[in-house]
Amino acid sequence: MTEVQRPGTIGLTLSGRSRVAGVMGWPVAHSRSPRLHGYWLRIYGIDGAYVPLPVQPVHFAAALRALPMLGFAGVNVTVPHKEAALGVVDRSDPTARRIGAVNTVVVAPDGTLDGRNSDGFGFIENLRAGVPNWSAAAGPAVLLGAGGAARASAVALLDAGAPEIRIVNRTIERAERLSKDIGGPLRIHDWADRTGALVDAALLVNTTTLGMSGQPPLVLALDRLPTGAVVNDIVYSPLQTELLAAAKARGNAVVDGLGMLLHQARPGFAAWFGVEPAVTPELRRFVLEAPG
Ligand SMILES: NC(=O)c1ccc[n+]([C@@H]2O[C@H](COP(=O)([O-])OP(=O)(O)OC[C@H]3O[C@@H](n4cnc5c(N)ncnc54)[C@H](OP(=O)(O)O)[C@@H]3O)[C@@H](O)[C@H]2O)c1
C-alpha cells in the first residue's frame, strides 16, 4: 500500500511515468478543478498531475488534438469550450450528444479522443448524497434556466425517471430549442409565470446564473411550492444562496451546488488515474478553502 499523502503537505514528486491530465478553459484561473483533483492525487498517493490549461477559443481544437502527442491521459473541458469539444473528439457517448456538450475527454490507448459528459451524473449524485431518499420519479421537476447546465440536468433527470420537467427560462426560444433537442415530457413556462410552475413540483433547481456572486438576485416567491419538494441551487458561490435560505426557512429539504462539481469530477479521475475517488466532507472543506 502506498502511504497516503495529506493535502497541504508536500505532495509526491513526479516521476517520468506520471499520468497527466488537466482542465482546458478560457479563462481557467478561477477553476477549482486543479485543487479538487490535486487533493485526490495526494490522498491516493498517485504519481500524477492535473494542471490548468488556459486555451483561447481560436486554439481550442488544435490544443485538444495535441493531447495524445503530449502524452496526456485526458482533460476536463470547461467554459467556453464544452460545445466545441463535441465537434473535435473522435467519439462521443450518447449522453454527451444528447446534452450537446463534452466536459471530459479521455485519450484512448490508440491515441484517439473519447468525449463524455459527467455534469448530469454529478447533478444526480449530488441530489442523492444530499437527500438519501430522493427519487426523480417522485413528481414534476422545475428547472430554472435553459443553458448548458440545464441541458445536462434535464437529460439526467429524464434518465433517472422524472415524469415531467418544467423548463422556465427568460429567453423562450432557448427553452424551445432545449425541449426539441432533448425530447421527452418537457413543458415550457414563461419566466413571468415562474411561480405558477412550482405547483405540485417535487424538485426545484436553479440552473441560471442568478444569485451567483456578482450577478443579479433570483427573485422567486416560493409560496406555491410544496414543502415536501427538494430545492437545489447549482450555483455554489455563495454556497448558501438566498434561494436555499428561503427554501430551508419554510421547511424544504435543500441541496447546495458544490457537490455537483465534486461528483462530476469522479468519472474523469477514475478514467485517467485508475482510482475511483470518494467525495468526502474533508474534500468539500478543502475545495471551499480555495479563493474565488
Ligand atoms: N455546481 C456545478 O457543478 C455547476 C456546473 C455547471 C454550471 N454551474 C453554474 O450554473 C450556472 C449556469 O451555468 P450554464 O453553463 O448553464 O450557463 P449558461 O449556459 O450561460 O446559461 C445561463 C442561464 O441563466 C439565465 N439567466 C442569466 N441571466 C438571467 C437573468 N437576468 N434573468 C433570468 N435568467 C437569466 C439564462 O437565461 P437566457 O437563456 O434567457 O439568457 C440561462 O438560462 C452558473 O452559475 C454556473 O456556475 C454549476
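Let us now look at the overall build of the protein chain. Counting its regular elements, the protein chain contains eleven helices and twelve strands. For the protein chain, whose C-alpha radius of gyration is 19 Å, the value lies close to the compact-globule estimate of 19 Å for 292 residues. Taken along its principal axes, the extent of the C-alpha atoms in the protein chain is 60 × 40 × 35 Å. For the protein chain, with 292 residues in total, the buried portion stands at 52%. Looking at the protein chain alone, contacts between residues at least 24 apart form 67% of all its contacts between residues at least 6 apart. Surface summary for the protein chain: the accessible area is close to 13300 Å², and the carbon and sulfur share equals 54%.

Read across the open sheet, the six strands follow the order β9-β8-β7-β10-β11-β12; overall the sheet is parallel. At either end of the open sheet lies a strand with only one pairing partner, and these are β9 (186–190) and β12 (253–255). Pairwise comparison of adjacent strand axes, ignoring direction, gives a mean angle of 20° for this sheet. For strand β7 (residues 141–144) and strand β8 (residues 165–169), the ladder comprises four bridges, and the chain directions are parallel. Bridge pairing in β8 links Ala141 to Ile165. Against the sheet, helix α6 (residues 119–130) touches β10 (203–206), β11 (230–233) and β12, its axis set at about 130° to β11. The sheet strands contacting helix α9 (residues 242–249) are β10, β11 and β12, and the helix crosses β11 at an angle near 165°.

Further remarks concern the packing of helix α7 (residues 148–159) against helix α8 (residues 172–182). To characterise two packed helices, one gives the angle between the axes of the helices and the distance between these axes. Contact geometry of α7 with α8 gives a least axis separation of 11 Å together with a crossing angle of 40°. For the element pair α7 / α8, the angle class is oblique. Classified by chirality, the crossing of α8 by α7 is right-handed. Residues Ala150, Arg151, Ala154, Val155 and Leu158 of α7 form the contact with α8, whose participating residues are Arg177, Leu178, Asp181 and Ile182. Looking at the contact of α7 with α8, its residues break down into six nonpolar, no polar and three charged.

Attention now goes to the site of the ligand. Taken together, 21 residues surround the ligand, and among them Ala149, Asn169, Arg170, Thr171 and Ile234 come closest. Within the contact set of the ligand, an oxygen atom lies 3.4 Å away from a backbone nitrogen or oxygen of Thr209. A distance of 2.9 Å is found between a nitrogen atom of the ligand and a backbone nitrogen or oxygen belonging to Ile234. Taken by itself the ligand offers 930 Å² of open surface, and the protein chains cover 78% of this. Elements supplying a minimum of two residues to the shell around the ligand: α7 and α10 (258–273).

Attention shifts here to the side chain of His189. Checked against the element boundaries, His189 lands in strand β9. When neighbours within four sequence positions are excluded, His189 is seen to be in contact with Arg166, Ile167, Val168, Asn169, Ile172 and Ala197.

The subject of this paragraph is α7. The terminal C-alpha atoms of α7, which comprises twelve residues, lie 17 Å apart, in line with the 16 Å expected from a rise of 1.5 Å per residue. Where α7 ends, the next residue or the one after it, Gly161, has phi of about 105°, a positive value.

As a packed pair, helix α1 (residues 33–43) and α10 sit with axes 10 Å apart at the nearest point and diverge in direction by 50°. On the basis of their axis angle, the class for α1 and α10 is oblique. You can see that α1 and α10 cross each other, and the crossing is right-handed. Judged by residue contacts, Leu36, His37, Trp40 and Leu41 of α1 engage Leu261, Leu262, Ala265, Arg266, Phe269, Trp272 and Phe273 from α10.

How each quantity is defined
- Residues numbered from 1 in each chain as written.
- Predicted model: local features only at pLDDT ≥ 70, side-chain atom pairs only at ≥ 80, totals over all residues.
- Heavy atoms only, no water.
- Helix = DSSP H or I, 4+ residues; strand = E, 2+ residues; numbered from the N terminus.
- Rg over C-alpha atoms; globule rule 2.2 N^0.38 Å.
- Buried < 20%, exposed > 50% of the residue type's maximum accessible area, 1.4 Å probe, protein only.
- Contact = heavy atoms within 4.5 Å.
- Areas by Shrake-Rupley, 256 points an atom, 1.4 Å probe, with all protein chains shown as cover.
- Pairing = 2+ DSSP bridges.
- Axes fitted to C-alpha atoms, helices over the stretch in contact; angles between N-to-C directions.
- Parallel < 35°, antiparallel > 145°, perpendicular 65-115°, else oblique.
- Left-handed = near helix turned anticlockwise from the far one by under 90°.
- Nonpolar A, V, L, I, M, F, W, Y, C, P; charged D, E, K, R; others polar.
- Near = heavy atom within 4 Å.
- Polar contact = N/O pair within 3.5 Å; in protein donor to acceptor, adjacent residues only side chain to side chain.
- Expected span 1.5 Å × (residues − 1).

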